[in-house]
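Next come the chains, spelled out residue by residue.
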Amino acid sequence: MVHGEAFSRPLSRNEVVGLIFRLTIFGAVTYFTIKWMVDAIDPTRKQKVEAQKQAEKLMRQIGVKNVKLTEYEMSIAAHLVDPLSMLVTWSDIAGLDDVITDLKDTVILPIRKRYLFENSRLLQPPKGVLLYGPPGCGKTMIAKATAKEAGCRFINLQPSTLTDKWYGESQKLAAAVFSLAVKLQPSIIFIDEIDSFLRSRSSSDHEATAMMKAQFMSLWDGLDTDFNCQVIVMGATNRPQDLDTAIMRRMPTRFHINQPSLKQREAILDLILRNESVDSHVDLMEIARGSDGFSGSDLKEMCRDAALLCVRDSVNNSSEESPCEEIRPIHQQDLLRAIDKMKRSKSATNQNVLMHVSLD
Ligand SMILES: Nc1ncnc2c1ncn2[C@@H]1O[C@H](COP(=O)(O)OP(=O)(O)OP(=O)(O)O)[C@@H](O)[C@H]1O
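Residues numbered from 1 in each chain as written. Predicted model: local features only at pLDDT ≥ 70, side-chain atom pairs only at ≥ 80, totals over all residues. Heavy atoms only, no water.

A. Region of the structure containing the packing of aromatic side chains. Evaluation of the coordinates by the stated rule reveals four aromatic pairs. Ring geometry for Tyr31 against Phe32: centres 5.1 Å apart, planes inclined by 75°, an arrangement best described as edge-to-face. Between the aromatic rings of Phe216 and Trp220, the centroid separation amounts to 6.1 Å while the plane-to-plane angle is 85°, which identifies the pairing as edge-to-face. With Phe216 and Trp220 both in helix 10 (residues 207–225), this residue pair falls four residues apart, about one helical turn. A relative accessible area of 0% places Phe216 in the buried class. (Phe/Tyr/Trp six-rings, centres within 6.5 Å; stacked < 30°, edge-to-face > 60°. Helix = DSSP H or I, 4+ residues; strand = E, 2+ residues; numbered from the N terminus. Buried < 20%, exposed > 50% of the residue type's maximum accessible area, 1.4 Å probe, protein only.)

If you want it as structure tokens, here you go:
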């Protein structure tokens, strides 16, 4: 039987210490058990560990030391591009001289020669740059070359990084994109296919998506409050008409990277074939004329096909007695055949697209 006296008696000092000690141990055990259980059921745990390893490696490679990153910043840091692997420079891009000159003046100069612009609010690098135009015409190349020339860290953000996560996670990740970019500045946050996640807001948007978009924009605006902040959001899209008008307003510096013209195609072909073995009678202007409607990426693929034709020919024409010692140079005829092949494949893809559109 417990006497009422036992409850009313004040606890001795030792008893209070013992109680606090037991409560602390119990609290700590409960906390770590719950944390362990949450970690164990988190389906993204493996991804997080991988991302952390990748991020640590990249941070070492880009020479970032003594910067403490949060768990979310770590998973974004996995999308940093190692500058050593970023080999694209202006000399790899043909036919886009006007765009490059403009980018040098508006984006690169204010970053490289910061001291010249320090006192002017007007001449700060833009916080948002949009590259728009059809696929395969050099938008990604331009973005990477800009980062390289400006000496910026490059965060290559796939929209799915933010949209595939658990409810609530995407908002923390969106915040981490900006805080990481600020810690690593000068930096460029590159978002390819920006329309796919910042497209015009609609009533059918999931609540979490709508919140993430709103938050993304407010974080972006936050860059403006710090006068000295050197973070640029650079987006690329094939469908600028689908972009939210609020996003368009935040990207006042826009560059149209269009399907290459005749002269541009000639320049791209010249660049692609510069270091290849090409017959001296090849007339690039004729090839450029024949490849109307081709993107830079189509032209590259077409030249690769022509080079493969030479390999196939050289190997087929060899025998045991006269083995293939050397691959013959690319002839005009190879390029013309490759153009035909590319045209056939493009029209087949277009028909497929049309079929899908009519079925939808
Ligand atoms: N102007 C160009 N000069 C040289 N090469 C080019 C040019 N445009 C495209 N290419 C070639 O095409 C490839 C694809 O280009 P890139 O990825 O930059 O295009 P993109 O516009 O970003 O395409 P997407 O919208 O599909 O991402 C490049 O790796 C390069 O080989």
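B. Summary view of the UniProt feature "binding site: ATP" in the chain. In the numbering adopted here, UniProt assigns the feature "binding site: ATP" to Gly133, Pro134, Pro135, Gly136, Cys137, Gly138, Lys139 and Thr140. The annotated residues that sit in the lining of the largest pocket are Gly136, Cys137 and Gly138. Gly138 sits in the buried class, given a relative accessible area of 14%. Considering the arrangement of structural elements, one finds Thr140 in helix 7 (residues 139–150). For Thr140, a relative accessible area of 30% puts it in the partly exposed group. Not counting residues within four places of it along the chain, the set of residues in contact with Thr140 comprises Phe190 and Asp192. (UniProt positions renumbered as here; feature names shortened; annotations may be inferred. 1 Å grid on protein atoms, 1.4 Å probe; cavity = no way out; pocket = protein on both sides within 12 Å on 5 of 7 lines; lining within 4 Å. Contact = heavy atoms within 4.5 Å.)

C. Representation of the sheet that holds strand 1 (residues 128–132) within the structure. If you trace the five strands from one edge of the open sheet to the other, you get 2-3-4-1-5, paired in parallel fashion. The open sheet has two edge strands with one neighbour each: strand 2 (153–157) and strand 5 (253–256). Within this sheet the neighbouring strands show an average axis-to-axis angle of 20°, counted without direction. Here strand 1 pairs with strand 4 (residues 231–237) via five bridges, running parallel. (Pairing = 2+ DSSP bridges. Axes fitted to C-alpha atoms, helices over the stretch in contact; angles between N-to-C directions.)

D. Fine view of the site of the ligand. Every one of the 18 residues lining the ligand counts as a neighbour, but Ala94, Gly136, Lys139, Thr140 and Met141 are closest to it. Between the ligand and Gly138, the relevant distance is 3.2 Å, taken from an oxygen atom to a main-chain nitrogen or oxygen of the residue. Look at the ligand: alone it shows 640 Å² of surface, and the protein chains cover 79% of it. In this structure the site holding the ligand corresponds to the largest pocket. When residues of the shell around the ligand are traced back to their parent elements, those giving at least two are helix 7, helix 12 (262–273) and helix 14 (296–316). Taken together, the residues of the shell around the ligand sort by class into eight nonpolar, six polar and four charged. Both domains that furnish three or more residues to the shell around the ligand are identified here as domain 1 (59–256) and domain 2 (262–358). (Near = heavy atom within 4 Å. Polar contact = N/O pair within 3.5 Å; in protein donor to acceptor, adjacent residues only side chain to side chain. Areas by Shrake-Rupley, 256 points an atom, 1.4 Å probe, with all protein chains shown as cover. Sits in = over half its atoms within 2 Å of the grid points. Nonpolar A, V, L, I, M, F, W, Y, C, P; charged D, E, K, R; others polar. Domains from an automatic or database assignment.)

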